[in-house]
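Breakdown of the fold
The primary structure of each chain is shown beneath.
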Protein chains: 2
Amino acid sequence: MTTDIATGARGRTRKAILDAAVRALAQDPAASLGQIADAADVGRTTLHRYFPDRAELLAAVAQEAGQQLSDAAGRARLDDGPGLDALLRSCQTLLQLGDLLTLMFSEVVSIEACGSELGFTQALDDACARGLADGTLDTRLTAGWVQGVLWSSLYLGWSELREGTTPSHDVVSQLLLTVRKALAAPAD
Amino acid sequence: MTTDIATGARGRTRKAILDAAVRALAQDPAASLGQIADAADVGRTTLHRYFPDRAELLAAVAQEAGQQLSDAAGRARLDDGPGLDALLRSCQTLLQLGDLLTLMFSEVVSIEACGSELGFTQALDDACARGLADGTLDTRLTAGWVQGVLWSSLYLGWSELREGTTPSHDVVSQLLLTVRKALAAPAD
DNA sequence: CCGATATGGCACACGAGTGTTCCACTGGCT
DNA sequence: AGCCAGTGGAACACTCGTGTGCCATATCGG
């Protein structure tokens, strides 16, 4: 407990490196350790002191991503209410992951690898299945396709958001609108 | 004309290298020239004979992509009929680009760089504007967002297709269904 | 004040990818 | 046969990222 993972100087710089890694890798999936160290305002030596390998750094980033992912899923209350509403809520919370979304889509870290550990993937599957069963989702679509629409739309939203030219509110409203229209069961 | 770009042995191996580059770079955006040469069943020396630089190879790939892109756009007849229908047609033709889509999304090749030259970007913009004006597209959406939905859905469809687990016909039908529902103007 | 901890800079060795050069081989053509 | 374009392989030098070790410096707590 004297050297906890989040205590004092060690914890602070560790987090700084991790954050910088997410930022730098999102901007360039092949960013060198030197670039990451620079982004963290840290010497490359120090980076190696915390993460001996590039692989270990990536693993730590993946773990961090998994944590954020399951936090966002928790905030979305995936188990509550109609399936479609749960998915739309998760759109909003997942959008806050920011650069982590870029990392998942550029496959620097795999969604399955860090999401499955904490049951996130399972919760999302369940929400899709529930939505197809409770009549809120279009049954002409596969559960897998529904998830795919969610992720690709999320990526689109984050791209627009990162661009900075569209106000955050407009992005969210257009995102929710298109996803709902695309996935909702037909009126008749 | 004795040494045209597509004539005889030189043209054939050039095309083989280009195709292999698309394949290899789609699978791994950081593929080495050696890997590309292997994929083309060609010595690395030969590859350098055709494309002295890695940059030149990438430029050639981009040009090829631009050509394919504008061909697909032509087949989709972007200027004909209601805007929404034109976009749905382009979904189908663009899906045939295959690995080239992966290259565009992994930003090995930028859509703007190779698409703008041939007026493809312009034609797509026009189709979106026409759709918003003729009442086939949902006017609550931005033209930019409409294009974004098109591309991200296209990426989703190609991902499923490449996976190989879903039959081609099912992918196309789900793709067209979700895109149409997402972008179509509301019934009332 | 002093020691422990954390950090930064520097230098080194190592491997991978790249671009170049040179030479040998094969095929088709006259 | 000889010629020649096209090709493949080996060798080389160069760059860049990586991982390691060492030493000087700063900062915090006693």
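Residues numbered from 1 in each chain as written. Chains lettered and ligands numbered in written order. Predicted model: local features only at pLDDT ≥ 70, side-chain atom pairs only at ≥ 80, totals over all residues. Heavy atoms only, no water.

Chain A is annotated in an unreviewed UniProt entry as TetR family transcriptional regulator of Cellulomonas xylanilytica.

Here we look at the overall build of chain A
Along the backbone of chain A there are ten helices and zero strands. Of the regular secondary structure in chain A, the N- to C-terminal order runs α-α-α-α-α-α-α-α-α-α. Counting only C-alpha atoms and orienting by the principal axes, one finds that chain A spans roughly 65 × 40 × 25 Å. The burial tally for chain A puts 48% of its 188 residues in the buried class. Summarising the internal contacts of chain A: among those between residues at least 6 apart in sequence, 68% fall at separations of at least 24. For chain A, the exposed surface amounts to about 9100 Å²; the carbon and sulfur share of it is 51%. (Helix = DSSP H or I, 4+ residues; strand = E, 2+ residues; numbered from the N terminus. Buried < 20%, exposed > 50% of the residue type's maximum accessible area, 1.4 Å probe, protein only. Contact = heavy atoms within 4.5 Å. Areas by Shrake-Rupley, 256 points an atom, 1.4 Å probe, with all protein chains shown as cover.)

A few points about the protein's contact with DNA strand C
Around DNA strand C sit 17 residues in total, of which Arg10, Thr13, Thr46 and Tyr50 of chain A together with Leu33 of chain B are the nearest. When atoms of DNA strand C within 4 Å of the protein are sorted by moiety, sugar and phosphate together comprise 49%. Separating a phosphate oxygen of DNA strand C from a side-chain N or O atom of Thr46 of chain A is a distance of 2.4 Å. Elements with a minimum of two residues in the surface near DNA strand C: helix H1 (8–27) and helix H3 (44–50) of chain A together with helix H3 (44–50) of chain B. Among the elements that take part in the surface near DNA strand C, H3 of chain A stands out by supplying four residues, more than any other. Along the lines of polarity and charge, the residues of the surface near DNA strand C split into four nonpolar, seven polar and six charged. (Near = heavy atom within 4 Å. Polar contact = N/O pair within 3.5 Å; in protein donor to acceptor, adjacent residues only side chain to side chain. Nonpolar A, V, L, I, M, F, W, Y, C, P; charged D, E, K, R; others polar.)

Here's the deal with the environment of His48 of chain A
Residue and element names in this part refer to chain A. By secondary structure assignment, the location of His48 is in helix H3. Overall, the relative accessible area of 29% leaves His48 in the partly exposed class. Sequence spacing of His48 and Ser173 is 125 residues, and the spatial spacing of their C-alpha atoms is 43 Å.

Describing the pattern of salt bridges
Applying the stated criterion across every chain, the model contains eight salt bridges over all chains. Of the charged contacts in the structure, one is a salt bridge between Asp138 of chain B and Lys181 of chain A, with a shortest N-O distance of 2.6 Å. Of this pair, Asp138 of chain B sits in the loop between helix H8 (120–133) and helix H9 (143–163) while Lys181 of chain A sits in helix H10 (residues 168–183), placing the two residues on different chains. Overall, Lys181 of chain A belongs to the buried group, its relative accessible area being 16%. Sharing partners across several salt bridges, the network here consists of Asp138 and Arg140 of chain A together with Lys181 of chain B. (Salt bridge = Lys/Arg side-chain N within 4 Å of Asp/Glu carboxyl O.)

Observations regarding the nonpolar core
Ranked by size, the top nonpolar core spans 128 residues in total, and within it Leu57 and Trp151 of chain A together with Leu57 and Trp151 of chain B carry the most contacts. If you tally residues by element for this core, the top one is helix H9 (residues 143–163) of chain A, at nine residues. Setting aside residues up to four positions removed in sequence, Leu57 of chain B forms contacts with Ile17, Leu18, Ala21, Leu33, Ile36, Leu47 and Phe51 of chain B. (Core = buried A, V, L, I, M, F, W, Y, C linked by side-chain atoms within 4.5 Å.)

Comments concerning the protein's contact with DNA strand D
The environment of DNA strand D is made up of 17 residues, and the closest members are Leu33 and Arg54 of chain A together with Thr13, Thr46 and Tyr50 of chain B. Per the 4 Å cut-off to the protein, sugar and phosphate atoms form 51% of the nearby atoms of DNA strand D. Taking Leu33 of chain A, its main chain carries an N or O atom lying 2.7 Å from a phosphate oxygen of DNA strand D. One of the side-chain N or O atoms of Thr46 of chain B is found 2.5 Å from a phosphate oxygen in DNA strand D. Of all the elements in the fold, those that place two or more residues in the surface near DNA strand D are H3 of chain A together with helix H1 (8–27) and H3 of chain B. Here the surface near DNA strand D gets four residues from one element, more than from any other, and that element is H3 of chain B. When its residues are assigned to classes, the surface near DNA strand D shows four nonpolar, seven polar and six charged.

Quick word on the relation of the copies chain B and chain A
Note on the identical chains: chain B maps onto chain A by a rotation of 180 degrees and an axial translation of 0.1 Å, with an RMSD of 0.1 Å. Such a turn and shift between the copies fits a two-fold axis. Taking C-alpha positions as the reference, the residue of chain B nearest the rotation axis is Ala182 of chain B, at 2.2 Å. Residue by residue, 100% of the interface of chain B is reproduced at the interface of chain A, so both copies engage with the same surface. (Least-squares fit on C-alpha atoms with pLDDT ≥ 70 in both.)

Describing the interface of chain B and chain A
With 21 residues of chain B at the contact, the number on the chain A side is 21 residues. In this assembly, chain B packs against chain A so that about 2000 Å² is buried in total across both faces, 64% of it on carbon and sulfur atoms. Three residues, Trp145, Gln174 and Lys181 of chain B, lead the burial of chain B against chain A; their summed loss comes to 36% of the area buried on that side. Where chain B packs against chain A, one counts two salt bridges. Here chain B and chain A share ten residue pairs in polar contact (both at pLDDT 80 or more) between them. If you list the elements that add at least two residues to the side of chain B that touches chain A, you get H9 and helix H10 (168–183) of chain B. Across the side of chain B that touches chain A, the residue classes break down as ten nonpolar, seven polar and four charged. (Buried area = accessible area lost by both parts, 1.4 Å probe.)

Digging into helix H5 (residues 83–95) of chain B
Residues and elements named next belong to chain B. If you check H5, its first and last C-alpha atoms are 18 Å apart, about what 13 residues at 1.5 Å a residue would give, namely 18 Å. All of the buried residues in H5 are Gly83, Leu84, Ala86, Leu87, Leu88, Arg89, Ser90, Cys91, Thr93, Leu94 and Leu95. Buried residues along H5 sit against helix H4 (54–76), helix H6 (99–105), H8, H9 and H10. (Expected span 1.5 Å × (residues − 1).)

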